[in-house]
Amino acid sequence: MDESRAASRTQEINESDDDRAGVLGCDWALLPADLLTHIFSGLVVLDLISSGAVCRSWNTSYSEVRRLGLCSPDKTPCLVYLSPDQDGEPGKATLRRLSTCKSYRIPVPAPPSYSALGSSHGWLVIADKRSELHLFNPVTGVQIDLPPLETIEHVTHVRDYTGSKTVGYVVYNMTPSAPEPKINLADIARMMQKFSLGEARYNLYKRVILSANPSLGNKCIVMTIHHPQTQLSYARVGDSRWTWLTASDDCFGEIHTIDLRGPAPLVNSIFPACDAYMNCTNYIVRAPWGDLLQIWRTFQIGDNQKLHTGLVQVFKSGIAKQDLVGIKDLQGHVLFIGYGSSFFVSVKDLPMLPPNLVFLAHDNCKCDLVEKPVINDALVYNIEDDTLIDFTTLGLWMNYPPIWIRPSFFSQHK
């Protein structure tokens, strides 16, 4: 390089350094509010939260974008866990973003004691220390109470000796084919189970799902699969009690469609029960290309006597032929499953990942009315080569099992 070109290049570098110094030295807090709002509206939820913490003026624009619902949809999955209030300190929601492995800790009014029972549309379904159910948004801290537990048809409360305080629940073994509990001293242990306030959440609920975002109010239907014998009860956001779905005797093994839009529920069986492994949880998910998939997750007991995931299988449910066909291709997608709603994400939105991966997180697997084992696995399954890889930097999550969600700001229900 000759001297004139070297001098010119040195001048360019110096000018570039001066420009950067000028940019870094400006007062970003003085950016016009309309410009900040325009910029923030293009950010996804977690980036928007980070921007709102920079300074007071940015927080004002962040709050305006949140109020107007202008932020971009967040397609990036996060592992979330809640650490409850401790020693007077507020609870925190920790979200670990898959695309960057960055953790976001958000102070939220987390319930003092909870058990997560599901997730959907960016919300968690949690049970508090009295086993009452709530919908909880870990980003905003908004909580929506669901109908009281004792309004489930199979449950009644137990009072203390004064009759003024609820100290537990009794769960009756009722089914649509035997809707009235006929109890005598000989079969009382078989026909009912008694739990303390906190025990019911571990022994009654098997899974809870949402039909829509709770921000839609009574358009969101919450359905729980619960004991005894995998019964179904549902309620709309704002309802005062649960409604028992008596149109189906139980939901074990088969795949049903349930239409709750009319005056009476319509239940239709579309796929028969299959012979799965004993310690197996089945997930059902509609693929973006239209197929109905089943994912079988089989659990094993390790040397430490704790359950862990031992086998994962992915099948296409052939509705026409009523058969299962194993598949090895997710058509450019990755799949997320656990103790919540299963969902797909295109690798176009997660370019750092190869396709055909299944990300698994916490689940409560097969259980009875005595014990409910908790699976704290966080694994990645490659359906092409049948390998399972531990996805843990999970030290902080051992006491607060993580769940996959896609963060949402839309938290105001009517």
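Residues numbered from 1 in each chain as written. Predicted model: local features only at pLDDT ≥ 70, side-chain atom pairs only at ≥ 80, totals over all residues. Heavy atoms only, no water.

**A word on the sheet that holds strand β17 (residues 280–286)**
Basically, it comes down to this: One requirement defines pairing of two strands: DSSP has to find at least two bridges between them. Strands are runs of DSSP state E lasting at least 2 residues, helices are runs of H or I lasting at least 4, and numbering of each runs from the N terminus. Every axis in this analysis is a line fitted to C-alpha atoms, fitted for helices over the stretch in contact. Angles between the N-to-C directions lie between 0 and 180 degrees.
Pairing is antiparallel in the open sheet, where 4 strands are placed in the order β17-β18-β19-β20. At either end of the open sheet lies a strand with only one pairing partner, and these are β17 and β20 (323–326). Each neighbouring strand pair of the sheet contributes to a mean axis angle of 35 degrees, computed without reference to strand direction. Pairing of β17 with strand β18 (residues 292–301), which is carried by 7 bridges, proceeds in the antiparallel orientation. Among the inter-strand pairings, Thr281 is bridged to a residue of β18, identified as Arg297.

**Things to note about the side chain of Ser120**
Which entries qualify depends on this criterion: Any residue under 20% of the maximum accessible area for its type is buried, any over 50% is exposed, and the rest in between are partly exposed; the area is computed with a 1.4 Å probe on protein chains only. Should any heavy atoms of two residues lie within 4.5 Å, those residues are considered in contact.
Locating Ser120 in the fold gives a position in strand β4 (residues 114–120). A residue is classified by how much of its surface remains accessible, and Ser120, at 10% relative accessible area, is buried. Discounting residues that sit within four places of it in the chain, Ser120 has contacts with Leu210 and Ser341.

**Section: empty space enclosed by the protein**
The condition that has to hold: Only protein atoms enter the calculation, which uses a 1 Å grid: trapped sets of points that fit a 1.4 Å probe without letting it out are cavities, open sets showing protein on both sides within 12 Å along at least five of seven lines are pockets, and any residue with an atom within 4 Å of a point is a lining residue. Grid points are joined across faces, edges and corners, and a volume is the space filled by probe spheres set on the points. We call Asp, Glu, Lys and Arg charged. Ala, Val, Leu, Ile, Met, Phe, Trp, Tyr, Cys and Pro are nonpolar, and the rest, Gly among them, are polar.
Throughout the structure, instances matching the rule amount to 1 cavity of 30 Å³ or more. Ser119, Phe336, Ile337, Gly338, Tyr339, Gly340, Ser341, Phe343, Ile403 and Trp404 together form the lining of the largest cavity. Within the residue set of the lining of the largest cavity, elements represented by two or more residues are β21 (333–337) and β28 (403–405). A class-by-class count of the residues in the lining of the largest cavity yields 6 nonpolar, 4 polar and no charged.

Read these as spatial facts, not as claims about activity.
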